[in-house]
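# Chain and residue survey
What follows is the residue order along each chain.
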Amino acid sequence: MRLPASSLHLLAAVLAFALIGAVPVTARAQADAPDQLIHFAGPDGETIEGGVWLPADSDDGSARPLVVISHGSGGWYGGHADTAEALAEAGFVVAALTHPGDNFRDQSRGLHLTGRAPQLSRLIDYMTGPWAGPVTVDPERVGAFGFSAGGLTVTSIIGGVSDAQMILAHCAAHPEVFACRLVAALGGLDLTDWQPETRDLRVKAAVIAAPALGLSFTDESLTSVILPVQLWQAADDQILPSPYNVEPVRDRLGRAPEYHRVDRAGHYDFLTPCGPDMQAVAPELCASAPGFDRAAFKVGFNREVVRFFRQALAQASAPRVARPIP
């Protein structure tokens, strides 16, 4: 399909995530590299790649909590390496995948959004099953982290049910927003491939940053979500703007989330801070608002993510209480 110039310009911003994936082999700091590269079978029989970050004190014999990471559109498993590293240093096993068909190499399934959660579930299968690592994973303490399309993925895996008709209605009313321009540029949603119910009960806590298309989740499904959630919003998010993405999740979860709104932050400020090589090859992903220090923000962000998962997964078996109905 030959896209018009305007669509190619739009896709360039999304596919610039490819540059995040093109850099690691040749130029990214080794500190960002995972401790292990993994490959496992996906739900459609494909081989999925990923990375694992291990706790430094992995030889004490104790079973460790697991956090799995879902990246945004066009990304890869290393897009949140700084957060993975912070969690590993805090004693977690962290595993991130590259979503098949929605990554820097291949956007052929970039709109098969409900296919992402089953892929994340297969990562949990692998890490709690055949994965051979130097530490044991505790299958009762599993958390999930997701950004952007990965935020939609994680919202789905904890019980949110996405209604494709809501996306179509939203895009009919607001064709100018980024998500709707992307849907149009990639050929539109395939409703025959929509599989909205993708809940995985093994996930006991979630961190969701700048989730995509929060408006598409049904009231009933979000009300049923009563596990601990930490939710992040960039106040100046021009990619997934207010009030269509974060607020519908924040306001309808059955248990009120721990909510953080970051003043002056843009959408891409949740990504790993850029070094000189990334600044050169993907400036649009590295640019922050004047005076906003992404590196300093991510230090605090990672600290809060670690604190949240420590508390939430330590209490994974504790009774849960739903938000009171007004």
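On to the overall build of the protein, then. From N to C terminus, the protein includes 12 helices and eight strands. Out of the 326 residues belonging to the protein, those deemed buried represent 57%. Counting contacts in the protein only where the partners sit at least 6 residues apart, residues at least 24 apart contribute 82% of the total. Carbon and sulfur atoms form 55% of the exposed surface of the protein, whose accessible area is close to 13500 Å².

The strand order β1-β2-β4-β3-β5-β6-β7-β8 describes an open sheet built from eight strands, whose pairing is mixed. Only two strands of the sheet have a single partner each, and these edge strands are β1 (36-41) and β8 (258-262). Averaged over all adjacent pairs, the angle separating strand axes in this sheet is 20 degrees, with direction ignored. Pairing of strand β6 (residues 203-209) with strand β7 (residues 229-234) involves four bridges; the strand directions are parallel. Residue pairing for β7: alanine 209 is matched across the bridge by tryptophan 232.

Taken over all residues, the pLDDT of the protein has a mean of 88, while the share at 70 or more is 87%. The low-confidence segment residues 1-30, where pLDDT is below 50, has 54 contacts with residues more than four positions distant or belonging to other chains. Contacts of residues 317-326 to residues separated by more than four positions or lying in other chains number 14 contacts, the stretch itself having pLDDT below 50.

Here we take up the state of the cysteines. For the structure shown, the criterion picks out two disulfides. Here cysteine 171 engages in a disulfide with cysteine 180; their sulfurs sit 2.2 Å apart. When the S-S torsion is -85 degrees, as for the bridge of cysteine 171 with cysteine 180, the disulfide is left-handed. Each sulfur of the disulfide joining cysteine 274 and cysteine 286 lies 2.1 Å from the other. With the S-S dihedral at roughly -90 degrees, the linkage between cysteine 274 and cysteine 286 falls on the left-handed side. Of this pair, cysteine 274 sits in the loop between β8 and α10 (276-281) while cysteine 286 sits in helix α11 (residues 283-286), placing them 12 residues apart in sequence.

Procedures and definitions
Residues numbered from 1 in each chain as written. Predicted model: local features only at pLDDT ≥ 70, side-chain atom pairs only at ≥ 80, totals over all residues. Heavy atoms only, no water. Helix = DSSP H or I, 4+ residues; strand = E, 2+ residues; numbered from the N terminus. Buried < 20%, exposed > 50% of the residue type's maximum accessible area, 1.4 Å probe, protein only. Contact = heavy atoms within 4.5 Å. Areas by Shrake-Rupley, 256 points an atom, 1.4 Å probe, with all protein chains shown as cover. Pairing = 2+ DSSP bridges. Axes fitted to C-alpha atoms, helices over the stretch in contact; angles between N-to-C directions. pLDDT = per-residue confidence, 0-100. Disulfide = S-S within 2.5 Å.

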